[in-house]
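Residue-level listing of the chains:
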Number of protein chains: 2
Amino acid sequence: MGKDKEKKQELIKNPKGTRDWSGEDVDLLEDILAQISRVFRRHGGKKLDTPVFEREEVLKGKYGEDSKLIYDLKDQGGELLSLRYDLTVPFARWLAMNANIKSYKRFAISKVYRRDQPAIAKGRMREFYQCDIDFAGASDPMMADSEVIAIIVEVFESLEWNGRYTIKLNDRRILDGLFEVCGVPEDKIRAISSAVDKLDKMPWEEVKKEMVETKGLDEVVADKIQTYVTRKGGRDLLEDLQKDEALMSNAKAKKGVEEMEILMDYLSAWGALDKISFDLSLARGLDYYTGVIYEVITEGSAPVTANGSEVAKEVQKQGKKEKKVLDEDEDRSNDPSVGIGSVAAGGRYDHLVERFRPNADLPCVGVSFGVDRIFSITKARIAKGETFSYISSNAPDVYIMAFGGGGFDGMAKQRIEIAKLLLDAGLKVEFTYKKKPKPQVQFKNAEQAGAPFAVILGEDEQAKGEVRVKEMGLPDGHPEKEGVLVKIADLAAEVTKRVEMKKVTTRTGTIAVS
Amino acid sequence: MGKDKEKKQELIKNPKGTRDWSGEDVDLLEDILAQISRVFRRHGGKKLDTPVFEREEVLKGKYGEDSKLIYDLKDQGGELLSLRYDLTVPFARWLAMNANIKSYKRFAISKVYRRDQPAIAKGRMREFYQCDIDFAGASDPMMADSEVIAIIVEVFESLEWNGRYTIKLNDRRILDGLFEVCGVPEDKIRAISSAVDKLDKMPWEEVKKEMVETKGLDEVVADKIQTYVTRKGGRDLLEDLQKDEALMSNAKAKKGVEEMEILMDYLSAWGALDKISFDLSLARGLDYYTGVIYEVITEGSAPVTANGSEVAKEVQKQGKKEKKVLDEDEDRSNDPSVGIGSVAAGGRYDHLVERFRPNADLPCVGVSFGVDRIFSITKARIAKGETFSYISSNAPDVYIMAFGGGGFDGMAKQRIEIAKLLLDAGLKVEFTYKKKPKPQVQFKNAEQAGAPFAVILGEDEQAKGEVRVKEMGLPDGHPEKEGVLVKIADLAAEVTKRVEMKKVTTRTGTIAVS
């Protein structure tokens, strides 16, 4: 039997690297997604929902080395299909199909698929949510770009992460320009760029080693790069670069620096400047970026001060320290954000649509929010006792019961009639699917469901057109401990009023409570 | 070049049998799904979101003949996976994995995948939405079942389909019992049952032919079956069956009829009885049903009368007639519901979870809404001029512009500051991503976006701390045609007030309008 049972047990699991979203987790996820969608909608975002799979050719050649992580469908005849790897390429495919579209603000909230080695503690799953907004179409320098960054700020403010995140900002043109100025050969620029991108995970010495030993860069060149990519700041850094004659002699870098100044002006108008850290080490992996790039980092424990820029630096320092702790495999459970990478990232990519439709001329700028990570951090913060005002309760408002003595028929029909009456008033209602349920069973079910109120039917009360309304969990001696009699004609209004009152007085994070 | 270009064009399409949801379509879909979710939540439904794929073994052997329609993933090493075919089997798998759950009201809204021949006009797609609620756990006869049917009624009422749908109702036990009574051999019961299920698509004579010629049933038996399965009604039909001694001598049928009486009592308490048609021809395809079964049909043009039961009969007659029209390929565009099958269906299935966990003892009852079909019908009704109060507008509330004379710098920063001010007040805001946009360009963009109001900045007004608020599209001669001056300090309140007022006065189906 042993072996047979094992086999049965093996059948009932979800695929590796995936999860079932249920209970309070899925409710919290929905609340987070609703907040993000609301911000997107306010900024004119329009939803796009593409199929879970694309024709194989659509994805081919878009992800470089990571293409090996794409899930393919079996050839069962007909088209060859693959599961989407991100939401950006399907958006570009859709734009290419709709040649009449000259500008579009699209957002998308969907799962994407990567056949990677799962690392659940680090939030790396094979199926996970992405939540993107991208603006396609012409924009004068940094106007649309600044609005996307403003959206990032609004999203995290609406999630009540005030002061606990930093937007790292850079520009591909500055980065490529400084590599040229330092003497990186043309054909090594992307490789050196991806080495620089590791500076948030490893110290300079290791990055330099990779550049020189693995990627064959001259050590002198590497040392020059160090003088740039270890710098971060705000307008101060920008001013330093503007004074750097060597850098400013490079046309790409000059353009990037000029537009970075425009961007900072606009970000100041958006009230977003104190959330950013201009960081020359930020490179981002994807090939297709052509201008500004950004990445949002967070910590669970960064101090909140008035000086956002200082917080930014502090957050980054802490981030590195704590990531080191993680690598040594210590105490990863206490801090929700330890080991969790960026929670949002994006940038400008002006030529992706042209890969599908030559001369499409649809420059794009966008951001993708790592919703699973945002969820994990928020959940961990709730577990620590924090509350978030946007989290809604999905517990029933009322549990309907019936009590009676000998010969009592359980009043099933009457319970249904009262349920219908309260449902029609918009209340969340449950009752026990027993014809003659015992009082203690009904109370237990009501408690398990988390209903704050009970409506109790009895034959005597019914004869008088009344029912009893009882708040659950009142202490002994409370004047309404046994409930109050209410006319059935007044019941919907009375219960609605009590439910609303109760909500006002107990507005807290429900996850922590229930 | 010709061939090369063709190849490029071929690349940019979505996979066969799928669609991209965009623009007003996806907004309408979201509004419909929000209405349905609200009903589910009111009844204590909890969301479950499972992975898009399952381990191959989970789906194997669950769908009979239709298993050939399952999409498999390519074997790229590791588990063998298939895309989900419905939401019911993943729910059963999840219940089996969570042995502590004794009862659960779960709902799910997700896409499912069937490698079928697509027929877009009939609403048959390879990727389509399902929207299910299922109650797992013990229930005294018909208590949970009646609530599921009440949910169906509430969903269609909340979608404002009042009087335009009928819930066909039957019970597998009555059906199986009557087949036994008529003399159908045990091993032919499922085959005869699926022949009977075709009575909504073909006349009795053809169904009989299938039974006798294809399935080898004795003609006398077929004629006996006819006396039952061509009958529909309400309590009247139930009373007829109760008087039918032959039928009542069969234990299964007797049990089914007894519980149908209980169900009708409860449905009467739910206020749902006038929406149902007890229909002995309803059989439903899936093997796993064990008790009550139901299916919702609709018409675009059925008359609304006080007598729901009469409407039900009428609707069904019309349905058959119009489906015939469809087969002849005539005029399918005029009536949105022509050729569209049921818009919701479900029933009781008491033993599915046991397929994954022996002795699980988790009887279930549920319903699945065909959201794509509900969407198509609603959209067609809107095109005919109907309005639905739950449809929300996603157009921007305000478009921000700046006008000025020679030497005007475009006020980009100031536009951003005003945008931020209005966004913070919760308004939907857009502006043109041009540093110095022409007035006519800004007006065109505002009109295309559908913004009802413009906020217009000018240097003179700005100096006085004022901007101009203008309602779009006012007729010449209207006193506010040129807009009104508003202090920036009062702007958020003033625009919010005007936007709210406008919404109240123009509450209509936005899809038809924009």
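Residues numbered from 1 in each chain as written. Chains lettered and ligands numbered in written order. Predicted model: local features only at pLDDT ≥ 70, side-chain atom pairs only at ≥ 80, totals over all residues. Heavy atoms only, no water.

**Some points on the relation of the copies chain A and chain B**
The test is simple: When the copies are superposed, the least-squares fit takes in the C-alpha atoms of residues with a pLDDT of at least 70 in both. It only takes one pair of heavy atoms within 4.5 Å for two residues to be counted as in contact.
Laying chain A over chain B is done by rotating through 180 degrees and shifting 0.0 Å along the axis; what remains is an RMSD of 0.0 Å. What we have between these two chains is a two-fold relation. The overlap is high: 100% of the interface residues of chain A also sit at the interface in chain B, so the same surface is used on both sides.

**Here's the deal with the sheet that holds strand β13 (residues 429-431) of chain B**
Residues and elements named next belong to chain B. Inclusion rule: The pairing criterion is simple: DSSP has to find at least two bridges between the two strands. A helix here means a DSSP run of H or I that spans at least four residues, while a strand means a run of E at least two residues long, and both kinds are numbered starting from the N terminus. Axis definition: a line fit to C-alpha positions, over the contact stretch in the case of helices; interaxial angles, taken between N-to-C directions, run 0 to 180 degrees.
Spatially, β13-β12-β14-β15-β16 is the arrangement adopted by the 5 strands of the open sheet, whose pairing is mixed. Looking at which strands have only one partner, the edges of the open sheet turn out to be β13 and β16 (484-487). Pairs of neighbouring strands in the sheet enclose a mean axial angle of 30 degrees, with direction left out of account. Bridge analysis of strand β12 (residues 398-402) against β13 gives 3 bridges, and the strand direction is parallel. Of the residues in β13, the one forming a bridge with Y399 is E430. Taken strand by strand, helix α16 (residues 439-449) contacts β12, β13, β14 (453-457) and β15 (466-471), and its axis lies near 175 degrees from that of β12.

**Topic: the sheet that holds strand β9 (residues 292-298) of chain B**
Hydrogen bonds between backbone groups are what pair the strands of a sheet, and the pairing can be parallel or antiparallel. Residue and element names in this part refer to chain B. One open sheet accounts for 9 strands, arranged β1-β4-β5-β11-β10-β9-β6-β8-β7; its pairing is mixed. Every other strand in the sheet has two partners, leaving β1 (46-47) and β7 (232-233) as the edge strands with one partner each. Across 4 bridges, β9 lies against strand β10 (residues 344-349) in antiparallel orientation. If you follow E295 over to β10, its bridge partner there is A345. Those strands touched by helix α5 (residues 143-158) are β4 (104-113), β5 (127-136), β6 (165-171), β8 (276-279), β9, β10 and β11 (364-369), and its axis lies near 15 degrees from that of β11.

**Re the domain arrangement of chain A**
Many structure descriptions define interface size as the accessible area lost when the parts assemble. As a reminder of what qualifies: Where a domain begins and ends is set by an automatic assignment or by a domain database.
Annotation of chain A at the domain level lists domain 1 (14-318 + 329-384) and domain 2 (398-510). Centre-to-centre, using C-alpha coordinates, domain 1 of chain A lies 51 Å away from domain 2 of chain A.

**Re the pairing of β4 of chain B**
All names here are of chain B. Spelled out, the test is: Relative accessibility under 20% of the residue-type maximum defines a buried residue, over 50% an exposed one, and the middle range a partly exposed one, all with a 1.4 Å probe and only protein chains included.
Burial of β4 is extensive: 10 of the 10 residues sit out of reach of the surface. Neither face of β4 is exposed, since Y104, R106, A108, S110 and V112 on one face and K105, F107, I109, K111 and Y113 on the opposite face are all buried. Here β1 runs beside β4; their pairing, made up of 2 bridges, is parallel. Bridge pairing links K46 to R106 in β4. Sheet topology note: the β4/β5 ladder contains 10 bridges and is antiparallel. Bridging across to β5, R106 finds its partner in D134.

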